[in-house]
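# Residue-level structural notes
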Amino acid sequence: MLNTHAALIYGMVLTSAADKDMTDNELRVIGDIVRTLPVFRDFSIDDLPKVASACVELLDEGLDKAIALIDASLSPRLKETAYAIACDVAAADGPLGQEELRLLELMRHGLKIDRLTAAAIERGTRARFTVA
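So, here's what we can say about the structure. (Residues numbered from 1 in each chain as written. Predicted model: local features only at pLDDT ≥ 70, side-chain atom pairs only at ≥ 80, totals over all residues. Heavy atoms only, no water.)

### Quick word on the overall build of the protein
Assigned secondary structure in the protein consists of seven helices and zero strands. The order of α-helices and β-strands along the protein, N terminus first, is α-α-α-α-α-α-α. In terms of C-alpha radius of gyration, the protein reaches 13 Å, essentially the compact-globule figure of 14 Å for 132 residues. Dimensions of the protein along its principal axes, counting C-alpha atoms only, are 40 × 30 × 30 Å. Burial status across the protein gives 45% buried among its 132 residues. Averaging the positions of the 15 positive and the 21 negative side-chain charges in the protein gives two centres separated by 6 Å. (Helix = DSSP H or I, 4+ residues; strand = E, 2+ residues; numbered from the N terminus. Rg over C-alpha atoms; globule rule 2.2 N^0.38 Å. Buried < 20%, exposed > 50% of the residue type's maximum accessible area, 1.4 Å probe, protein only. Lys, Arg positive; Asp, Glu negative; His and termini not counted. Charge placed at Lys NZ, Arg CZ, Asp CG, Glu CD.)

Below, the structure is given as structure tokens:
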């Protein structure tokens, strides 16, 4: 089991790594989320690189295992938060590629987020990341 902070960070790192290119924009969004969201209030930003590295190592064991670990580590009310912040990381670079879309689909199913809730979360992300 992971602690809550690690589980949320793992979801963001998985999303960023989905296309095998963790961009500066995605890493910036992850840092911004960890610095500003209330759920991370008692998390030290200095621990972020260590937690992210542990997630990358876990990927060697498979994506399904990583998502199952995130699911098992989060309370039901934080699973929507995990999906929402994963969507934000995916949107950091503009239009989503097939790898990111597939990862979000796997995460949605793994976290048991119903389709209507997922659509609302995705629409909120689209609204926040739309550029003129």
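Next comes the rest of the write-up.
### Comments concerning the pattern of salt bridges
A complete count under the given rule lists eight salt bridges for this structure. Its salt-bridge partner being Lys 79, residue Asp 71 comes within 2.5 Å of it at the nearest N-O pair. Using a relative accessible area of 12% as the deciding quantity, one classes Asp 71 as buried. For Lys 79, a relative accessible area of 12% gives the class buried. Here Asp 88 makes a salt bridge to Arg 128, at a shortest N to O gap of 2.6 Å. Taken together, the residues Asp 88 in helix H5 (residues 76-91) and Arg 128 in helix H7 (residues 115-129) connect sequence positions 40 residues apart. Judged by its relative accessible area of 11%, Asp 88 falls in the buried class. (Salt bridge = Lys/Arg side-chain N within 4 Å of Asp/Glu carboxyl O.)

### So, helix H4 (residues 63-73)
Of the residues making up H4, those classed as buried are Ala 66, Ile 67, Ile 70, Asp 71 and Ser 73. In this structure, the buried residues of H4 make contact with helix H1 (4-17), helix H3 (48-58), H5 and helix H6 (98-110). (Contact = heavy atoms within 4.5 Å.)

### Some thoughts on the environment of Met 12
Secondary-structure assignment places Met 12 in helix H1. On the basis of relative accessible area, Met 12 is assigned to the buried category, the value being 0%. Between the alpha carbons of Met 12 and Asp 64 there is a distance of 15 Å; along the sequence they are 52 residues apart. Filtering out sequence-adjacent residues up to four positions away, Met 12 remains in contact with Ile 30, Ile 33, Val 34, Phe 40, Ile 85, Ala 86 and Val 89.

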